[in-house]
Every structure is written in C-alpha cells, then in structure tokens.
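# Coordinate analysis (summary)
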Amino acid sequence: VATRRMINTIRWPDVTNPQVLGVSGDMRLIASREPDGVIIRNLDSGKPVKELRSFAAYSDAMALSADGTRILVQRMTPERSKRGVDVSLWKIEDPKPVTLKLPGEANIRIRDFSPGAMIALSGNDNGELAIVPLDGKSKQRRLSLPQLKSVTTARLSLDGKLALVRGDFAEPGAKPDDERE
C-alpha cells in the first residue's frame, strides 16, 4: 500500500475464476464461492483449508472474523422482500452453524461482524448503515452519515465499538460527477 503499486499476483492452480467473498484480517485465509458452498483457502497457495457445503441457497454476503475462526454468511433474499433474512454464524471447526432470522430489509448486506460483541454491520446501496444484533433478540440500530450515497466497505473493530466506513459521498443537490470516495 505504501508504494502504491502491485507487488504480487496470486494464481491458484485449480481455480480459473475464483469468486472471492472475504479475506481474514491476518491476510492468511480467503473465502471463495463455489457452486454448492463456500471454501476457505490459504491465500498464498489456494489450497482448501475447510469446505462449507450446503444443500440450500448459496450466499453472496459474508464476513470472516479477524482471527479467521468464524464466518458469518447471509442467505440471499429476493429484492425488496419483506421476509426475514437468514444469517448463519459458523465456527470453522464446528460443522453446525448458529442460524438467525433477522428482520427483512431492502438490499441489506452484512459487511462485517464482531463475534465478541455479537453484532454485525450492514450497509446497502442507498447509503444506509445499521448495527445488527446477532443475539436474535435486540433491535437494529441505524447509523446516519450525512451525504453517504453508497457503502463500498465497512469494518468493525474487534470489540464492536468502532466502525470504519468507505463509500461515495456527495453534498445535497450535487451532481453524480461531484461525488467523492
């Protein structure tokens, strides 16, 4: 990052077009989507470390814990659906996830989570953020960032007390060309 140039390209021998879903905080593990599940791989070699296979619908929204021991997977829901959102919290060494049903939200997408605080951070393409409790009991809390138009990245601290948000911002009434990241 400091040199602002790419220093390495990683190519995995057995994967032609990996669909990367997330990278662990220590940059050792990577999760990629496969036709019937998710595979956790070693980032450098691409060798599978763990396979999370499913016979249900796959997911395209997920987050890995910073220590690489847990993964939060959100099941896809139809656009503008009022049905609840299925979220599974997996411990990598445990084959059975804890599954929660969260209130239905338009375009909700889990961006990161804090296993210690049992909360997730969600964002959507409308610039809305929410703290989502993973205990299945508490209510979501909305976060307001003035002029936020869309969320590209959002991360929580390990204790869940701080959030880092990257996205497109614009002043009220600004043209799309005036947006800034």
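Residues numbered from 1 in each chain as written. Predicted model: local features only at pLDDT ≥ 70, side-chain atom pairs only at ≥ 80, totals over all residues. Heavy atoms only, no water.

### A closer look at the overall build of the protein chain
Looking only at helices and strands, the protein chain has zero helices and 14 strands in total. When the elements of the protein chain are put in sequence order from the N terminus, they spell out β-β-β-β-β-β-β-β-β-β-β-β-β-β. The proportion of buried residues among the 181 residues of the protein chain is 39%. For the protein chain, the computed accessible surface area is about 11,600 Å², with 51% contributed by carbon and sulfur atoms. (Helix = DSSP H or I, 4+ residues; strand = E, 2+ residues; numbered from the N terminus. Buried < 20%, exposed > 50% of the residue type's maximum accessible area, 1.4 Å probe, protein only. Areas by Shrake-Rupley, 256 points an atom, 1.4 Å probe, with all protein chains shown as cover.)

### Regarding the pairing of strand β2 (residues 29-34)
The buried fraction of β2 amounts to six of the six residues, a majority that puts the element mostly inside the structure. Of the two faces of β2, the one holding Leu-29, Ala-31 and Arg-33 and the one holding Ile-30, Ser-32 and Glu-34 are both buried throughout. Alignment of strand β1 (residues 19-23) against β2, held across four bridges, turns out to be antiparallel. By the bridge assignment, Val-20 is partnered in β2 with Ser-32. The antiparallel hairpin formed by β1 and β2 contains five residues in its connecting segment, where Met-27 sits at a positive phi of about 60 degrees. Pairing of β2 with strand β3 (residues 37-42), which is carried by six bridges, proceeds in the antiparallel orientation. Paired with Ile-30 across the two strands is Arg-41, which belongs to β3. (Pairing = 2+ DSSP bridges.)

### Let's talk about a nonpolar patch on the surface
Taken together, the side chains of Val-20, Val-23 and Met-27 define a hydrophobic patch exposed on the protein surface, amounting to about 260 Å² of accessible area. With respect to the helices and strands, the residue Val-20 is situated in strand β1. Residue Val-20 is classed as partly exposed on the basis of its relative accessible area, which comes to 46%. (Patch = residues over 30% accessible without salt bridge, like charges linked within 9 Å, V, L, I, M, F, W, Y side chains within 5 Å. Salt bridge = Lys/Arg side-chain N within 4 Å of Asp/Glu carboxyl O.)

### Notes on the sheet that holds strand β9 (residues 109-114)
One key point about sheets: their strands pair by backbone hydrogen bonds, in either a parallel or an antiparallel sense. Spatially, four strands are ordered β9-β10-β11-β12 in an open sheet, and the strand pairing comes out antiparallel. Among the strands making up the open sheet, the edge pair consists of β9 and β12 (141-143). Averaged over all pairs of adjacent strands, the angle between their axes in this sheet comes to 25 degrees, without regard to strand direction. Direction of pairing for β9 relative to strand β10 (residues 119-123): antiparallel, over a ladder of five bridges. Bridge assignment links Asp-112 to a residue of β10, and that residue is Leu-121. (Axes fitted to C-alpha atoms, helices over the stretch in contact; angles between N-to-C directions.)

### Thoughts on the side chain of Asp-112
Its place among the elements puts Asp-112 in strand β9. The buried charged residue Asp-112 lacks any salt bridge partner; its closest oppositely charged side chain belongs to Arg-155, at an N-O distance of 4.6 Å. For Asp-112, the side chain forms a polar contact with the main-chain nitrogen of Leu-156, separated by 2.8 Å. Sequence-distant contacts of Asp-112, defined by excluding residues within four places in its chain, comprise Ala-63, Leu-64, Ala-120, Leu-121, Ala-154, Arg-155 and Leu-156. (Lys, Arg positive; Asp, Glu negative; His and termini not counted. Polar contact = N/O pair within 3.5 Å; in protein donor to acceptor, adjacent residues only side chain to side chain. Contact = heavy atoms within 4.5 Å.)

### So, the environment of Ser-88
Along the chain, Ser-88 falls in strand β7 (residues 85-91). Residue classification places Ser-88 among the buried positions, given a relative accessible area of 6%. Residues Ser-88 and Leu-100, twelve residues apart in the sequence, show an inter-C-alpha distance of 6.3 Å. In this structure, Ser-88 is in contact with Ile-71, Leu-72, Val-73, Pro-97, Val-98 and Thr-99, ignoring residues within four places of it in sequence.

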